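Coordinate analysis (summary)
This is what each chain is made of:
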Amino acid sequence: MRRCLQLARKALGKTAPNPLVGCVITQGGKIVGQGFHPKAGEPHAEVFALRAAGEQARGATLYVNLEPCNHQGRTPPCTQAILQGGIRKVVVGMIDPDPRVSGTGVETLQQAGLEVVVGVEEAACRQLNEAFIHRVLYQRPLGILKYAMTLDGKIATTTGHSAWVTGEKARHLVHQQRAIADAVIVGGNTVRQDNPHLTSHGVSERNPLRVIVSPSFNLPPVAHLWDTEKAPTLIFTQEGSNLPLQAQLSQKGVEIEVFDQLTLEAVIESLYERGLSQIFWECGGVLAAQAIQAKAVQKVMAFIAPKIIGGSGAPSPVGDLGFTQMTEALPLKEVVITSLDGDLLVEGYLEG
Ligand SMILES: Nc1nc(O)c(N)c(N[C@@H]2O[C@H](COP(=O)(O)O)[C@@H](O)[C@H]2O)n1
Ligand SMILES: [Zn+2]
């Protein structure tokens, strides 16, 4: 199963809205076939492994980190391919939360007389596909809020200068996260202030969709994000805002989605409809607070640099949430703390 997860990870960032899946087939204690799901629309992991095993699949054991599908989607049901391949035993990491499958894959195989074992390395299987699971269960992409702050809780100086809060190792990790995220979101203020690239900076050939939320469309005419050759850019805005600049940026290949009334709920729904599973929020404090209030953030990645910048007007990572009592603070659960060449990474999940 751990080999399945290793195989599945080869497609990190490439499978949305589909899950990350790897499959291994063994015969007499030897691997005779393996494969992974490369992207939505392509065959599932089981099909690649069965193809590789060929006749050696007869009487073999198939391991897969997600229950084999049992429905006709973009591709035919894997349960049928498994039966046709002559597999005798199937070992499954976790039941598929997709209501089109959800237990029926296992049932079909059992009814056909195969031995089926479920729940091997289940926690690791769930962790790998946390974004897919969230998307399927809640019809929303999983939101990860990332910020980097000093020990005194500032994300920039009083002038807005922020390059750099953390060291290279922490920034490298952020570039890796961008490479596996389906989209990175910022607000107009971050574009005006930082002129970011929001790419994976060469750690991978893959870059996320770069999303800007800007009701006013008060954006600079020249910015790194308008170069759409490296990565696509999408701006969410409101009816009638800065039409000349909209026309100019459209010409450069920037996609613009206009709402009568721009809300984060509408943004999240649009990203879900576009098939995205994991959103990386790299915005400033105002948008971060709005995203938390809109329940668009499930996970937090806070990078903390052991340095003090001070400044009573210097910005902090999360703006006003309307809380007045410490008892109202939002606790994180399943907290993991990692040291990155002196910086700290505090990761955890918001409750609910
Ligand atoms: N077990 C399994 N292996 C894979 O490689 C998969 N991609 C899936 N995906 C499941 O099937 C749904 C997508 O079906 P289509 O790719 O549209 O045919 C997805 O929601 C999962 O439930 N499962
Ligand atoms: Zn399948």
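Along each chain, numbering runs from 1 in the same order as the chain's sequence is written. Whichever chain is written first becomes A and whichever ligand is written first becomes 1, with later ones labelled in order. Since the coordinates come from a predicted model, pLDDT governs what is reported: local features require at least 70, and pairs of side-chain atoms require 80 or more to be given and counted, while whole-chain, interface and lining totals use all residues. Processing note: side-chain calculations cover all non-hydrogen atoms of the structure and skip hydrogens and water entirely.

Under an unreviewed UniProt entry, the protein chain has the name Riboflavin biosynthesis protein RibD and belongs to Spirulina subsalsa FACHB-351. UniProt positions are given in the numbering used here, feature names are shortened, and annotations may be inferred rather than shown by experiment. Here the protein chain is described in UniProt, under the heading Function (unreviewed entry), as follows: "Converts 2,5-diamino-6-(ribosylamino)-4(3h)-pyrimidinone 5'-phosphate into 5-amino-6-(ribosylamino)-2,4(1h,3h)-pyrimidinedione 5'-phosphate."

Orientation is described by axes fitted as lines to C-alpha atoms, over the contacting stretch for helices, and by angles from 0 to 180 degrees between their N-to-C directions. Under the DSSP-based scheme used, a helix requires at least four consecutive residues in state H or I and a strand at least two consecutive residues in state E, with every element numbered from the N terminus. Two elements in contact, helix α3 (residues 78-85) and helix α4 (residues 104-111), have axes separated by 10 Å at closest approach and are oriented at 25°. Considering the angle they form, α3 stands roughly parallel to α4. The element α3 and its partner α4 pack so that their crossing is right-handed. Of α4, the residues touching α3 (which contributes Thr79, Gln80, Ile82 and Leu83) are Gly105, Thr108 and Leu109. For this classification, Asp, Glu, Lys and Arg are treated as charged, while Ala, Val, Leu, Ile, Met, Phe, Trp, Tyr, Cys and Pro are nonpolar and the rest, including Gly, are polar. Taken together, the residues of the contact of α3 with α4 break down into three nonpolar, four polar and no charged. Small angles under 35 degrees read as roughly parallel and large ones over 145 as roughly antiparallel, with 65 to 115 read as roughly perpendicular and the rest as oblique. For any helix crossing, the convention is left-handed if the near helix is rotated counterclockwise from the far helix by under a right angle, and right-handed if that rotation is clockwise. Contact criterion: two residues are considered in contact whenever any of their non-hydrogen atoms come within 4.5 Å of each other.

Attention now goes to the UniProt feature "domain: CMP/dCMP-type deaminase" (unreviewed entry) in the protein chain. In the UniProt entry, the feature "domain: CMP/dCMP-type deaminase" (unreviewed entry) is given for residues 1-117. A helix fraction of 27% and a strand fraction of 21% characterise residues 1-117, whose end C-alpha atoms lie 12 Å from each other.

Before going further, it helps to examine the nonpolar core. Side-chain atoms within 4.5 Å link the members of a nonpolar core, which is a set of buried Ala, Val, Leu, Ile, Met, Phe, Trp, Tyr and Cys residues. For every residue, the accessible area (1.4 Å probe, protein chains only) is compared with the maximum for its type, and the residue is labelled buried under 20%, exposed over 50%, or partly exposed between those bounds. Within the largest apolar cluster, 36 residues are counted, with the highest numbers of intra-cluster contacts made by Ile25, Leu50, Leu62, Ile82, Ile87 and Val90. The set of elements that each furnish at least two residues to this core consists of α1 (2-8), β1 (22-27), α2 (45-53), β3 (61-64), β4 (89-92), α4, α5 (122-128) and α6 (130-138). Non-local contacts of Leu62, meaning those with residues more than four positions away in its chain, are made with Cys23, Val24, Ile25, Glu46, Leu50, Ile82, Ile87, Lys89, Val90 and Val91. Formed by 34 residues, the second largest nonpolar core is a distinct cluster that contains Leu262, Ile304, Val346 and Leu350.

Summary of the distance rule: residues count as near a molecule or strand when at least one heavy atom falls within 4 Å of that molecule or strand. Near ligand 1, the surroundings consist of 20 residues, among which His44, Ala45, Glu46, Asp96 and Asp98 are the closest. Backbone polar atom of Glu67 to a nitrogen atom of ligand 1: 2.9 Å apart, as the coordinates give it. Under the rule applied, a polar contact is a pair of N or O atoms within 3.5 Å (in protein, one hydrogen donor and one hydrogen acceptor; residues adjacent in sequence only if both atoms are side-chain atoms). Within the side chain of Asp96, one N or O atom sits 2.4 Å away from an oxygen atom of ligand 1. Areas reported here follow the Shrake-Rupley algorithm with a probe of radius 1.4 Å; residue values treat only the protein chains shown as occluding. For ligand 1, whose accessible area on its own is 510 Å², the fraction buried by protein is 98%. For the shell around ligand 1, the residue count by class is eight nonpolar, six polar and six charged.

For the rest of this paragraph, the subject is the packing of α2 against α3. Two numbers describe how α2 lies on α3: the axes approach to 9 Å, and their chain directions differ by 20°. With respect to α3, the element α2 is oriented roughly parallel. Of the two possible hands of crossing, α2 and α3 adopt the one that is left-handed. Residue-level inspection shows Glu46, Val47 and Leu50 of α2 in contact with α3, the latter providing Cys78, Ala81, Ile82 and Gly85. Broken down by class, the residue content of the contact of α2 with α3 amounts to five nonpolar, one polar and one charged.

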